[in-house]
Amino acid sequence: MKISTFKVDNYRSLRQVSLDKLGNLNLLIGENSGGKSNILEAMSLFFSEFEPVKGTTTGLNEYFWYKGSTKPITFEVALELDGDKFTGISAEDKAFLDTVFGSALPPTLNITRSLLNAQGAWKTDSIVWGATTLVKDDVPQLSPDLKIDSPTLDRILRIVSALVKNKYRLVGTSRDAKGGDRFRIALLDENTQNRLWTLQQSTSAQDEERYSEFEGAFSDLTSFRLDPAQARLMVKKDNKRFPLGLEGGGTQGVANLLFTALVETDDSTILGIEEPESHGHPGLQRRLLRQIEKIALDRQIFITTHSPVLVDTAQGATTWLVDYFDGQTQVARADEFEGVIRDLGARPGDVLFSDRVVFVERRSEKIILEAFARKLGIDLAHVSIIPVRAMGSSPVTLDRK
C-alpha cells in the first residue's frame, strides 16, 4: 500500500496542503520551522487514529489547529493497494474480499476524515473502495449492487481498518535514550539494544532473517561488524569489542533507523523519516540513502532533510519544497525545477539550499566573480554561482515564469 494523494487542512501550520502523484521515495526539503515535520506528523495522526467511523483522540490542545481555528482538521487520503501482495490482512479475509468484489480487488481506497474539536471527536466523511461507497457522513452504506448486507459491510470495514490503522511509522535517529557513560549521551536506548540481542539469540526462522538483514545493512553502512557479547550488542573494531551505545552519533542513528525499518515494521508500513542525515558524515549519508532506496523498493518512504548530499544522491525520488510564507506552510513540487538545474550542469543541492543564485556563462567567470568578492570582502557563503553551459549549438535559457 502507498499514499498517492495526501491533503490536510487546518493542522498546525498546514492551512491547506496537498501532495499528489507521490512515489515510493519522497523528499521534503526547506528551512527550519517551515512545516516539514508537521506534514509527517499529520500523516502519523491520520493513520494512528484511523477508525472506519467516528473515533476519539486524547491529548489534544489548541496548538493542533491552525492559528487556533475552530474549523475541523480534515484529511483526504488516496491509497493505492497492491492486489498481488496485499499485505496486512489474512488469507481468509483476502478470500472473503474476492467473493465480494470478484477476483480483481479495487486498487484504490479513498478516505476523508475530519478531527472536529480539541475533545478529540472524529467524523468519517467518506470511505470509497474503488467505485463502492462504504461510509458516508459517518454512516456505513449498504450496496445492493454488490449484495453487501450489514454483516458483510461490518467485515469489510474491519478489513479496511486492518489495512490502514497504524500502517505509518514516524522514525527518528534518536530514541531519547538516557545513560551511556560519564561523557557520552547514548542515542540508542537500552530497550532497543536488548531487543536486538534477543533477536540475535533467537532460533526462529523469521527472527534470524530479520536480524541477518539488520546486521548486513548495518555493516554495509558503517563498515563495522556486530559482535554480541555479555548480553548486549558490541561493535568489533580493530579486533576489540566496544558497546554499540558508545559509538558515534552517526553509527547509533543508523542502528536506530535500521531497527525500525527492518525489525519493528514490515513492508505494509509506510515510513516517515526525520532528517536521516543527523550525526552523519557525507559519506555515511550517501550510503544510508542507498539503503533507504533499497527499502523503498517494497514500501513507501517520506524523508525530511536539510542535506544537499541526500538531495543530490537521491535517484527517482519525488522532491517537495516546503516553505512558511504568509503565516502558513506552502508546498510545491521541485521535479521540473530540478530537471532544469541538471540541464544546466548543476546539482539540485547547489541551488535548492542557497539563499541566492547567480548564473554566469562559463566556469572562468565563476572563478573571476569569486576572486572579486574576496578582494572586496563580500561574503558569498550563501550564494551559489552556477556556470551555464550551452548544450551543443543551442543556447540554454531559463524560463522567467
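This write-up is about the structure you can find in this document.

Scoring rules and cut-offs
Residues numbered from 1 in each chain as written. Predicted model: local features only at pLDDT ≥ 70, side-chain atom pairs only at ≥ 80, totals over all residues. Heavy atoms only, no water. Axes fitted to C-alpha atoms, helices over the stretch in contact; angles between N-to-C directions. Helix = DSSP H or I, 4+ residues; strand = E, 2+ residues; numbered from the N terminus. Parallel < 35°, antiparallel > 145°, perpendicular 65-115°, else oblique. Left-handed = near helix turned anticlockwise from the far one by under 90°. Contact = heavy atoms within 4.5 Å. Buried < 20%, exposed > 50% of the residue type's maximum accessible area, 1.4 Å probe, protein only. Polar contact = N/O pair within 3.5 Å; in protein donor to acceptor, adjacent residues only side chain to side chain. Pairing = 2+ DSSP bridges.

## Things to note about the packing of helix H2 (residues 91-101) against helix H3 (residues 150-164)
Piece 1. For the pair H2 and H3, interaxial distance at closest approach is 11 Å and the crossing angle is 130 degrees. It follows that H2 is oblique to H3 by the angle criterion. The way H2 lies across H3 gives a crossing that is left-handed. Counted together, Glu92, Asp93, Phe96, Leu97 and Val100 of H2 and Thr152, Arg155, Ile156 and Ile159 of H3 form the full contact between these two elements.

## Topic: the packing of helix H4 (residues 190-201) against helix H5 (residues 205-222)
Piece 1. Two numbers describe how H4 lies on H5: the axes approach to 8 Å, and their chain directions differ by 120 degrees. The angle between H4 and H5 places the two elements in the oblique class. Considering the relative orientation of H4 and H5, their crossing is left-handed. Taken together, the residues of H5 that come into contact with H4 (itself represented by Leu196, Leu199 and Gln200) are Asp207, Arg210, Tyr211 and Phe214.

## Concerning the environment of Ser278
Piece 1. Here Ser278 shows up in the loop between strand E13 (270-274) and helix H7 (282-295).
Piece 2. With a relative accessible area of 22%, Ser278 lands in the partly exposed category.
Piece 3. For the pair Ser278 and Thr305, spaced 27 residues apart in sequence, the C-alpha to C-alpha distance is 9.0 Å.
Piece 4. For Ser278, the side chain forms a polar contact with the main-chain oxygen of Glu275, separated by 2.9 Å.

## Quick look at the sheet that holds strand E9 (residues 168-171)
The pairing of strands in a sheet comes from backbone hydrogen bonds and takes either a parallel or an antiparallel form.
Piece 1. Read from one edge of the open sheet, six strands run E9-E13-E14-E3-E15-E16, paired in mixed fashion. The open sheet has two edge strands with one neighbour each: E9 and strand E16 (328-333). Each strand of the sheet is rotated relative to its neighbour by a mean of 20 degrees, with strand direction disregarded.
Piece 2. Relative to strand E15 (residues 318-325), strand E3 (residues 25-29) runs parallel, the two being bridged by four bridges. Residue pairing in the sheet places Leu28 in a bridge with Trp320 of E15.
Piece 3. Lying on the sheet, helix H6 (residues 249-264) is in contact with E9 and E13; it crosses E9 at an angle near 160 degrees.
Piece 4. Seen against the sheet, H7 touches E3, E13 and strand E14 (301-305) and runs at an angle of roughly 155 degrees to E14.

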